[in-house]
Amino acid sequence: MLKKVWTIAKVEWRSTVLAKGFLLAVFLTPLFIGGSALVQHTIKERGDTEDRKIAVVDADGQVFALLAEAARKRNTEEIFSKNGGVRRQTEPRFVLERVPADPKKDLALELSDRVRAGVIFAYILVDPGAAAGVEGKRVTYHTQTLTYTELPRWLHEALTAVFRRLRLAGTNLDPAVAEKLLEPTPLKWRSLTKIDERGVRVEEGKINLATTFGVPAVAMLLLFVIVFMSVPMLLHSVIEEKQQRIWEVLVSSVSPFQLLLGKLLGAVMVSMMLSMLYLGGTVLFAETMGVSDEIPGSLYAWFLLFQLLALLIYGSMFSAIGAACSELRDAQSLMVPAMFVIIVPMFGWVAILRAPSSPFAVALSLFPPATPMLMLLRMALPPGPAPWEVALAVLLTSAFTLACVWAAGKIFRVGILAQGQTPTFRKLLSWVLAK
Amino acid sequence: MSDEPAIKLQDVTKNYGRHTAVDRLSLSVPRGSVYGFIGPNGSGKTTTLRVIMHILLPDSGIVEVLGARGTRAANDRIGYLPEERGLYKKMTVRQQLAYYAALKGVPTDEADREGDAWLDRMGLTAWAGHKVEALSKGMMQKIQFISTVVSKPELVILDEPFAGLDPVNVEVMRSAILSLRENGATVVLSTHDMQIASEMCDFVLMMHKGGKVLDGTLDSIRDRYGADTIRIGVNGGKAELLAAEGVTLVRDLGRLQEIRVAGDPRAFLHALSGKMEVRHFEIVTPSLHDIFLRIAGPDA
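Quick notes on the rules
- Residues numbered from 1 in each chain as written.
- Chains lettered and ligands numbered in written order.
- Predicted model: local features only at pLDDT ≥ 70, side-chain atom pairs only at ≥ 80, totals over all residues.
- Heavy atoms only, no water.
- Salt bridge = Lys/Arg side-chain N within 4 Å of Asp/Glu carboxyl O.
- Helix = DSSP H or I, 4+ residues; strand = E, 2+ residues; numbered from the N terminus.
- Buried < 20%, exposed > 50% of the residue type's maximum accessible area, 1.4 Å probe, protein only.
- Phe/Tyr/Trp six-rings, centres within 6.5 Å; stacked < 30°, edge-to-face > 60°.
- Lys NZ or Arg CZ within 6 Å of the ring centre and 35° of its normal.
- Core = buried A, V, L, I, M, F, W, Y, C linked by side-chain atoms within 4.5 Å.
- Contact = heavy atoms within 4.5 Å.
- Domains from an automatic or database assignment.
- Pairing = 2+ DSSP bridges.
- Axes fitted to C-alpha atoms, helices over the stretch in contact; angles between N-to-C directions.
- Parallel < 35°, antiparallel > 145°, perpendicular 65-115°, else oblique.
- Nonpolar A, V, L, I, M, F, W, Y, C, P; charged D, E, K, R; others polar.
- Patch = residues over 30% accessible without salt bridge, like charges linked within 9 Å, V, L, I, M, F, W, Y side chains within 5 Å.
- Areas by Shrake-Rupley, 256 points an atom, 1.4 Å probe, with all protein chains shown as cover.
- Buried area = accessible area lost by both parts, 1.4 Å probe.
- Polar contact = N/O pair within 3.5 Å; in protein donor to acceptor, adjacent residues only side chain to side chain.

Another aspect to go through is the pattern of salt bridges. Residue and element names in this part refer to chain A. Tallying each qualifying case throughout the model produces 28 salt bridges over all chains. The partner of Arg 114 in a salt bridge is Glu 97, and the shortest N-O contact between them spans 3.1 Å. Residue Arg 114 is found in helix α4 (residues 107–116), and its partner Glu 97 is found in strand β4 (residues 94–99); the two are separated by 17 residues along the sequence. Residue class for Glu 97 comes out partly exposed when judged on its relative accessible area of 28%. With its nearest N and O atoms 4.0 Å apart, the salt bridge here joins Lys 180 to Glu 183.

Another aspect to go through is unusual backbone geometry. Comment: phi is negative for the bulk of residues other than glycine, and the bulk of peptide bonds are trans. Between Pro382(A) and the following residue, Pro383(A), the backbone shows a cis peptide bond with an omega angle of 10°. Along the polypeptide, Pro383(A) turns up in the loop between α14 (371–380) and α15 (387–415). The phi dihedral of Leu66(B) is positive, around 50°, even though this residue is not glycine. Here Leu66(B) lies in the loop between β4 (60–65) and β5 (68–69). Relative accessible area serves as the criterion here: at 6%, Leu66(B) is assigned to the buried category.

Before going further, it helps to spend a moment on the packing of aromatic side chains. Counting across every chain of the model gives twelve aromatic pairs over all chains. Centroid distance Phe224(A) to Phe228(A): 4.8 Å. Interplanar angle 45°. Geometry classified as tilted. Taken together, the positions of Phe224(A) and Phe228(A), both in helix α7 (residues 209–243) and four residues apart, correspond to about one turn of that helix. Judged by relative accessible area, Phe224(A) falls into the buried class, the value being 19%. Overall, the relative accessible area of 18% leaves Phe228(A) in the buried class. Judged by centre distance (6.1 Å) and plane angle (35°), the ring pair of Tyr99(B) and Tyr100(B) falls under tilted. Since its relative accessible area comes to 3%, Tyr100(B) is described here as buried. A network of ring pairs unites the aromatic residues Phe224(A), Phe228(A) and Tyr314(A) as a single cluster. Over the ring of Phe80(A) we find Arg87(A), and its NZ or CZ is 3.8 Å from the ring centre.

In this section: the nonpolar core. In terms of nonpolar packing, the biggest core is built from 169 residues, with Tyr314(A), Ile7(B) and Phe145(B) touching the most fellow members. Broken down by element, the residue count for this core peaks at 16 residues, all from α7(A). Leave out the neighbours within four places in its chain, and Phe145(B) touches Leu81(B), Trp118(B), Met122(B), Leu158(B), Met173(B), Ala176(B), Ile177(B) and Leu180(B). Phe121(A), Val126(A), Leu155(A) and Val162(A) belong to the second-largest nonpolar core, a separate cluster that totals 22 residues.

Attention shifts here to helix α2 (residues 93–103) of chain B. For α2(B), the tally of buried residues reaches nine of eleven residues, placing the bulk of the element in the interior. Of all the positions in α2(B), only Val93(B), Gln96(B), Leu97(B), Ala98(B), Tyr99(B), Tyr100(B), Ala101(B), Ala102(B) and Leu103(B) are classed as buried. At its buried positions, α2(B) is contacted by α1 (2–17) and α8 (247–251) of chain A together with α3 (108–121) and α4 (137–149) of chain B. Gly105(B) sits one or two positions beyond α2(B) and adopts a positive phi of about 85°.

The next subject is the domain arrangement of chain A. For chain A, the domain assignment lists domain 1 (2–31 + 210–433) and domain 2 (48–175). Domain 1 of chain A and domain 2 of chain A are separated by 53 Å when their C-alpha centres are compared.

Residues and elements named next belong to chain B. Taken in spatial order, the four strands make up an open sheet running β2-β1-β4-β5, and their pairing is antiparallel. Two strands in the sheet have a free side with no partner beyond their single neighbour: β2 (19–29) and β5. Of the strand pairs in this sheet, strand β1 (residues 7–16) and β2 are connected by seven bridges, and their pairing is antiparallel. Bridge pairing in β2 places Lys 8 opposite Ser 28. The strands that helix α1 (residues 45–52) touches are β1, β2 and β4; relative to β1, the one it contacts most, it runs at about 120°.

We now examine the environment of Gly123(B). Turning to its location among the elements, Gly123(B) is positioned in the loop between α3 and α4. For the pair Gly123(B) and Ser220(B), spaced 97 residues apart in sequence, the C-alpha to C-alpha distance is 38 Å.

Residues and elements named next belong to chain A. Contact geometry of helix α11 (residues 328–342) with helix α12 (residues 344–354) gives a least axis separation of 4 Å together with a crossing angle of 20°. Taken as axis vectors, α11 and α12 run roughly parallel relative to one another. Between α11, through Phe 340, Val 341 and Ile 342, and α12, the contact on the second element is made entirely by Val 344, Pro 345 and Phe 347. Of the residues belonging to the contact of α11 with α12, the class tally is six nonpolar, no polar and no charged.

Now for the sheet that holds strand β3 (residues 34–38) of chain B. All names here are of chain B. Strand order in this open sheet of six strands is β6-β7-β8-β3-β9-β10, and the pairing throughout is mixed. Two strands close off the open sheet at either side, each with one partner strand: β6 (78–81) and β10 (211–217). Going from strand to strand, the sheet's axes swing by 15° on average, the running direction of each strand aside. Helix α10 (residues 288–296) contacts β3, β9 (203–208) and β10 of the sheet and is inclined by roughly 35° relative to β9.

Residue and element names in this part refer to chain A. Taken together, the side chains of Leu 187, Trp 189, Ile 207, Leu 209 and Phe 213 present a nonpolar region at the surface, about 530 Å² in accessible area. In this fold, Leu 209 is placed in helix α7. A relative accessible area of 36% means that Leu 209 is categorised as partly exposed.

Across the contact, 22 residues belong to chain B and 18 residues belong to chain A. Both sides together, the interface formed by chain B and chain A hides about 2000 Å², and carbon and sulfur atoms give 58% of it. If you look at where chain B meets chain A, you find three salt bridges. As a salt-bridge pair, Glu248(A) and Arg50(B) come within 2.7 Å of each other at their nearest N and O atoms. Counting across the chain B and chain A interface gives ten residue pairs in polar contact (both at pLDDT 80 or more). Here the side of chain B that touches chain A gets four residues from one element, more than from any other, and that element is α2(B).

The following block contains the structure:
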């Protein structure tokens, strides 16, 4: 039996990996992902350096000078990167323009028209008494580019500092002392102290937040990409064989279940080949970036285990749908609920990234169709799930995988010889439950 | 060679919902014979062959193939050519043959050897390295046949093997099938072409509406139906013949009439010649087609 399964798997693997479309996808996917990251980096480095002009209506006349001083400091010191020793502007300058308050003019309308005409980017109105903290007096920010948040964020920080300075000036405190008293407390992130396996005390160390969040996200997305580069091939292969009437010849030599296993094994081989390529590339990249120590070796093993489980779960679903349909377009209606199950991990992964041990995270990562992606995500995120959670996840998902393969085998048995109308889910269920 | 039949079916029934495709069918296929399933489209031939291959499971009855009862255990020793042909278009001819043989447990080198011999015989050697999609329909039919026999099966089941072939390729296929029998294989073929069946088959099973209406050797069938049909030329028309004593059926063939009589044909001739001039008188052996029409009626 196994020899025939292996024979089918080899043919499936060969026909997939030699297809031009697959080869293109293998090489274009990392290029596309890498390319988009490069584009984003380039845009960040070079893209947005256009001056932002801001009109300031300062009724009291106290705020503008201090705010302009803060802008000058920012524009000369804080908007440059020093990559490779070369100083390059990476952010726009904020250029302030003083507009005298004039009760006879409708300044709000006039400045709004200037914003709409593109002469200025935004304007702020500082009410008289706002700096002194008079109740009801405020500063308002006006723009038509609401999605640009860097400017209001800077204005908020800068105005807070300016107002604090103006208010302190009205007290008897020495400005230098006052400044010292109000200096923000620095908070450094450091790792926990521990005793390592040799019994040696390991002191706190620096934390790389980029890898802390990046490694889990990349691991999960990589798993997603690999699985969904392999699994749709199964659907196409099954439907193609059905359309070309190859099924009857095949099931005269092997049982439908052997055929399904052969196809799944072929898909596993394809995806393992992709893993070798992409994980190899990831290791090389991590080595180059000097962060390879921050990826635990065991994560690779878990990645492969969850990849296998995901492939068998989704592969069974796609194969069963292919067997039940005569045409690719017929498969679309059955794919909708299957796709819903598949994208469950995508609904929850950002929330899990923020709170990996929350009840929501634990529950969703124990939902078998989502476990491969989400438990891998949690395992890559410190502090990681409890051992019992991992054990339970593997147990539940393994059982679910077996159930999926078994049900797909039952659907295969009937579906591959069925022609005509696409079966309903009720019909598929009756095929699964039939003796 | 074993005396056990290659295939034995006992009271096999297969339903599709409320439709009975095969109805309490029993048969026995002797080893080393060419056994023909004949009958019109929809008579249950293909379903029966699928049941024999265990592609479909019967609702009731016993299926025994090459000594294996109710299992797929013998399937590696069976070559099956389904009615709906299927080949991988992107594979080369040789890869195709090797794959189908491997699924029967035959090693690649053995499959290549046997496949090359068949390709040579069918005049397709030059195409061995070509992709299937480059072949003509007739060539594909031949490749499909070779993929059925490349594993050197003991039992070969061919569902409508002549469908879609031109007369030249029908002869090539007929010769290839008969050579299988010469090499000791048992051949079961289904066809709705009764002429081919009568020329090739040692045994015939006639199906109609899922049931068996006739089976046996060709001679035994003709013996049962062969002595009552006469082709006759007379100076009179159909009405006069129908009025003659003992005539049960008259079929106008144009210059001649074909009639069926009850009783001895010679006595009928003697009686008829006293009433009208008889120009032509011939006792004919009925074809399978005629016998089938007689059994199944005009709705067949």
